[in-house]
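Now for the letters of each chain:
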Amino acid sequence: MFSPASMKPELLIIFVVSFFALFVALALIRWVLAKDTGTPEMRKISDAIKSGAEAFLRRQNKTIVALALVLAAVIFILYAFVRAHNSQDPALPMTLAFLITASFLIGALCSVIAGYVGMWVSIRTNIRTASAARDSLGSALQTAIRGGAVSGLFVTAMSILGVGGLFAALKQMGYDYSQIPFIIVGYGFGASFVALFAQLGGGIYTKAADVGADLVGKVEAGIPEDDPRNPGVIADLVGDNVGDCAGRGADLFESMAAENIGAMILGVSLSPFFGFKGVLFPLVTGSLGILASIVGVSIVKVNGEEDPMSALNRGYWVSSILAAVGFVWAAHWLLASAQAPQAWKYYSGCGLIGILTAQAFVYITQYYTESKYRPVKEIAQSSETGPATNVIAGVSVGLESTALPVLVIGAAILASYKLGSLALGGQGGIFGTAVATMGMLSTAAYILAMDTFGPITDNAGGIAEMSQQPEQTRQKTDRLDATGNTTKALTKGYAIGSASLAAFLLFSAYLDEVFHYTSHRISVDISKPEVFVGAIFGAMLVFLFSSLAIRAVGKAAYAVISEVRRQFKEKPGIMQGTEQPDYGQCVDIVTIGALKAMVLPGLLAVAGPVLVGIVFRVFITHTDPTIAAEAVAGFLMVGTIAGILMALFFNNAGGAWDNAKKFIETGAHGGKKSDTHKAAVVGDTVGDPFKDTAGPSLHVLIKLLATITLVLAPLFV
């Protein structure tokens, strides 16, 4: 019988830490919900946001669940009836089909739950943060970050608990530890599948509402942001939650799930050195990172009039340092063996490289998106001559911003590969890059807490503005909102950095899986026509996917703009404050538009690698039996490279445009309502679908391409 007493200590740590993190998350929920909910006017606004967000997520999740069930049936049929049995299969076809499909559905379900919990807490923390701001900045900051931490802890704990639970269950069923990672690859695919649609749907919703509300409200009507007279303002505030909370929560959930499973597959190849412990090393280090993040969140507080960003950075440094200590301890415990007694030192170095890479991405993103640095100031200055020069400057900054991150990624991969090779005499290089990815994701819980902090404080500012709170309260929420804009930009940088390292890891895991089933180590030879065609299809998919995502925002925003203009025209009393705008109509328009628009790009992303692999496997005659697998590898490699560069461009250009507008709103270059400000608003609306729809969705696309190839690799050989 399965019992804690019979459990390996590695699994025991994973389960104990995961359940402890969930317990802490529940305690934080109780702490947040015990806070004051402010005035009746504040509660009225908050209730409208809550109602809109929950209604959208319910409808979105119904769509995602229906699509997931269809895909699960396809996966089952392919494994049970289409694919021929392979001698390396861990189970008979029908059993394997059932296990792969079940892990896919469990991953999808856990991803849905993780995203929903983060949003559920966010839409209840926003009003409590606004209310706390009536007393002090410090109280409001702690309320917001602890509400955000619920999402961070819940997402990371659920991810590790899901993978660890499947591993323990299959081990109990009699499967060897070296077989299990190949069975549970479906879990990562299920998580990625849900994350893509959650990020797409939420991203389309939030930016369509934001663009529509800003262009009519700020530019045409000349009213402030979050003005209660704007019919689109509630839809805008709802969008912050369904995009930045639910969407990003699902994004980082699948990052951890996919990275852990990929690293476990690579760990199998090193079982002669580390055995069982090497396979579970990723889950143990992730668990210790959660503990480090709990400590980091608990120490966040402002001293006097201190900048809130300084307090958050302090918590991040504490989390990173403690995660590094935990990483070294775990490496010494699990990666030291008689065959390789010094390997743990080298792999500790790989983990530290990952942690430092995360820090580097945070600061690089800060440089390109904060108003105190050159790039944003250049965009603000260019706004003096109109929207065209603002857009030109923003595109230039976005393109420039790809250079430093790529250099950091390159250095991290090369350095970790070299250390991994030294650890095991040339055999552990790829695992070294996997360990660096683990290091980068070790502080994911704290990073997600900072990300969710952004929409919480944004909503708090909107609630304070719309309920006409005193100026001193609004000043506090403005400071937190500005900090939240920075944290959202930083976490996007972190997300694409972790996606870049994870993509290389998952690509290596794909090659390992092909070797596992064929005993043939493939290389990606771009001079072969089939591989070149597969590669260029991968790059094309990234551009087409981005186009569909951005176009969807434009179409939905068009409908919102038309509706806001209609209400202003037909209800002139809105501007005089004698008539109430119809917020619900805008919410319905954006909901319907986002749900319709998310399906095509999502299905395109899933179908791309499948079609390349199956078409080349069935219809292309070739003497090389692994040519289809190699063509898919080319598709994955070049698609990943294009996706990384495009995501960096979208994220940083959009963030820079946003903060250039906010910099002007502080009084620079003419301040609010000036022609310079109107030009900056136009630039910001161009950047909105870049940074909050296409960019974040590409993070997920990169990993989805890798996880779907891991699940379906046996079909390509």
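Residues numbered from 1 in each chain as written. Predicted model: local features only at pLDDT ≥ 70, side-chain atom pairs only at ≥ 80, totals over all residues. Heavy atoms only, no water.

### Side note on the confidence of the model for the protein
Definition in use: pLDDT expresses, on a scale from 0 to 100, how confident the predictor is about each individual residue. Going along the chain from the N terminus, every DSSP run of H or I of four or more residues is numbered as a helix, and every run of E of two or more is numbered as a strand.
Mean pLDDT over the protein stands at 85; residues scoring 70 or higher make up 97%. When the elements of the protein are averaged for pLDDT, helix H7 (residues 233-269) gives the smallest value, 78, and helix H13 (residues 387-400) the largest, 95.

### What to know about unusual backbone geometry
As a reminder of what qualifies: Here's how the labels work: a residue is buried when its accessible area is under 20% of the maximum for its type, exposed when over 50%, partly exposed in between, all with a 1.4 Å probe on protein chains only.
Even without being glycine, glutamine 468 reaches a positive phi, approximately 55°. Residue placement: glutamine 468 occurs in the loop between helix H16 (444-466) and helix H17 (471-518). For glutamine 468, a relative accessible area of 68% translates into the label exposed. In the Ramachandran plot, histidine 669 falls in the positive-phi region, its phi being about 55° despite a non-glycine side chain.

### Things to note about the nonpolar core
Heads up, the condition is: The set of buried Ala, Val, Leu, Ile, Met, Phe, Trp, Tyr and Cys residues whose side-chain atoms join them within 4.5 Å is what this entry labels a nonpolar core. It only takes one pair of heavy atoms within 4.5 Å for two residues to be counted as in contact.
If you look at the biggest cluster of nonpolar residues, it comprises 248 residues, and the most contacted ones within it are Phe281, Tyr347, Phe431 and Tyr510. Top element by residues in this core is H7. It accounts for 20 residues. If near-sequence neighbours (up to four positions away) are discounted, phenylalanine 281 is found in contact with Phe327, Ala330, Ala331, Leu334, Leu335, Phe431, Val435 and Met438.

### Topic: the side chain of threonine 477
Rules: By the criterion applied in these results, polar contacts are pairs of N or O atoms within 3.5 Å in which, for protein atoms, one can donate a hydrogen and the other can accept it, and in which residues neighboring in sequence qualify only through two side-chain atoms.
Mapping threonine 477 onto the fold places it in helix H17. At 2.9 Å, the side chain of threonine 477 and the backbone oxygen of arginine 474 are in polar contact.

### Digging into helix H22 (residues 627-665)
Condition: Helix span, expected: 1.5 Å multiplied by one less than the number of residues in the helix.
With 39 residues, H22 should reach 57 Å at 1.5 Å per residue; the first-to-last C-alpha distance of 57 Å fits that figure. Burial within H22 is extensive, with 34 of its 39 residues counted as buried. The positive-phi residue at the C-terminal boundary of H22 is glycine 667, with phi of around 120°.

### Considerations on a nonpolar patch on the surface
Under the convention used in this document: Note on patches: the residues involved have over 30% relative accessible area and no salt bridge, like charges join within 9 Å, and the nonpolar side chains Val, Leu, Ile, Met, Phe, Trp and Tyr join within 5 Å. Where accessible areas are quoted, they stem from the Shrake-Rupley method and a 1.4 Å probe; at the residue level, only the protein chains shown are allowed to cover. Counted as salt bridges are all cases of a side-chain nitrogen of Lys or Arg within 4 Å of a carboxyl oxygen of Asp or Glu.
On the surface, a cluster of nonpolar side chains totalling about 540 Å² of accessible area is made up of Ile526, Phe532, Ile536, Phe537, Met540 and Leu544. Mapped onto the elements of the fold, leucine 544 is located in helix H18 (residues 529-570). Its relative accessible area of 36% is what places leucine 544 among the partly exposed residues.

### What to know about the side chain of lysine 691
Along the chain, lysine 691 falls in helix H23 (residues 675-712). Those residues within four positions of lysine 691 in sequence are excluded, and the remaining contacts are Lys207, Lys492, Phe650, Asn651, Gly654, Gly655, Asp658 and Pro696.

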